[in-house]
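Examining the three-dimensional arrangement
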Amino acid sequence: MNYLLKIFKTSLYIIVAASFGMPVFAQETIKIGLVAPMSGAFALYGQGFHQSMQAYMANYGDTVAGKKVEIIVRDNTTNTPETARRLAQELITRERVDFLAGFALSPDALSVANLSAQAKKPTIVMLAAASGLTAKSPYLVRVSYSNIQTSASMAKWAYKNGVRKVYTMVSDYAPGIDCEVAFQEAFESLGGKIIGNSRMPLASLEYAPYVQRLKESGADAVYLFVPSGDPMVSFMKNYVERGLPQAGMKLLTTTDLAEEYIKPMGDAAAYITNTIQYYDTLNNEENAKFKTAYLKIAGKNPGAIALGGYDGMAVIYEVSRKLNGKLDPEKIMAAMKGLKIKSPRGNLMIDPDTRDAVANMYVAKIEKKGSQYVPVVIDTFVDVKEGK
């Protein structure tokens, strides 16, 4: 509630300033419309985007190419595609934003794809990881990752490290099925075997029957994809209670391992092997700057989900500089193709053919350092493309 109040006060200032003739940079402003869940079950996702965007501005200023940068937030509190589309439409027609951004879950981004094409509105996808997403509109660019990138990398790592029989368990919606298929194809192409699978209801946290089937499967490892947060915590509880770690069953995942998601798992976190594009423990100059700014704003370290806000802003700033602030939609999209930026994850390139992120995928184990569990990178797949 306090977070939403801060957003409301910022928006109110802009309205009041306009009413009394105060300068709000109406013609000299780059407007970014952020559509994301700021409240409700996935509030941490949207708040992470916004805090990360603010961290970028703290590091690099609130102007670029001579124009003030303004973030206009819309809360997809229902976390539904219908609401995402309605809010995006409002930002385009009423606020006349230069960019749309955000989109936590893939159905939200998919619902806005046609709208972005019709309105010719450059749209920065900060998380939604459905495979082939950017093909749905020539105005979509994704700065996070695709499920193929993370899942195929996890499969390659597993086979390289002696895993031969895997049972897959995923949430039963498009991204979960993407992960299942991508892992299976990559693993079997190397000679591994998928000996069973479970697709679990997205709305349920009752995993006990599925974990029991897993225990009886005889697999070397389980490949798991469920949303970060409560679903992951619930699964880990069942995984430990049924003695799967003691039975030698490895747990392979592709999830955000920010401290806010690791801490609720307790000691169970130590059993995770994970692949994703970013951990706060990465050692590079840009990550140090990002963490410092983000910690001041959010009071905690960032994770893989939040990173999308920071990298999205980097893309917007770099394109704005290239175009000297003249933000014609066609020129924006042309400038984004092949764009390279310095990211806290390492180098990031926007694929000139797919407009998807090309970046490293990092494999990490969770280890206890002092009183905290943290991700420690044990392997890296370099410059991974969507579909590779």
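Definitions and limits used
- Residues numbered from 1 in each chain as written.
- Predicted model: local features only at pLDDT ≥ 70, side-chain atom pairs only at ≥ 80, totals over all residues.
- Heavy atoms only, no water.
- Buried < 20%, exposed > 50% of the residue type's maximum accessible area, 1.4 Å probe, protein only.
- Helix = DSSP H or I, 4+ residues; strand = E, 2+ residues; numbered from the N terminus.
- Pairing = 2+ DSSP bridges.
- Right-handed = clockwise from strand over helix to strand, strands pointing away.
- Phe/Tyr/Trp six-rings, centres within 6.5 Å; stacked < 30°, edge-to-face > 60°.
- Lys NZ or Arg CZ within 6 Å of the ring centre and 35° of its normal.

This paragraph deals with the pairing of strand E9 (residues 221-225). With five of five residues buried, E9 is to be regarded as a mostly interior element. Here E9 shows no split at all, with Ala221, Tyr223 and Phe225 on one side and Val222 and Leu224 on the other all buried. Pairing analysis gives five bridges linking strand E7 (residues 165-171) to E9, with the strands arranged parallel. Note that in E9 the partner of threonine 168 across the bridge is tyrosine 223. Where E9 and strand E10 (residues 250-253) come together, four bridges link them in parallel fashion. Bridging from a neighbouring strand, valine 222 pairs with leucine 251 of E10. Running through helix H8 (residues 230-241), the crossover from E9 to the neighbouring parallel element E10 is right-handed.

What follows covers the packing of aromatic side chains. This model, assessed by the stated rule, comprises 13 aromatic pairs. With a centroid separation of 4.4 Å and an interplanar angle of 10°, the aromatic rings of phenylalanine 183 and tyrosine 223 are classed as stacked. Of this pair, phenylalanine 183 sits in helix H6 (residues 174-190) while tyrosine 223 sits in strand E9, and the two are 40 residues apart along the sequence. For phenylalanine 183, a relative accessible area of 0% gives the class buried. Ring centres of phenylalanine 290 and tyrosine 294 lie 5.7 Å apart, and the angle between their planes is 65°; this geometry places the pair in the edge-to-face category. With phenylalanine 290 and tyrosine 294 both in helix H10 (residues 285-298), this residue pair falls four residues apart, about one helical turn. When sorted by exposure, phenylalanine 290 lands in the same class as tyrosine 294, which is buried. An aromatic cluster of three or more residues is present, and its members are Tyr56, Tyr60, Tyr278, Phe290, Tyr294, Tyr310 and Tyr317. Taking NZ or CZ as reference, arginine 164 lies 3.7 Å from the ring centre of tyrosine 159, over its face.

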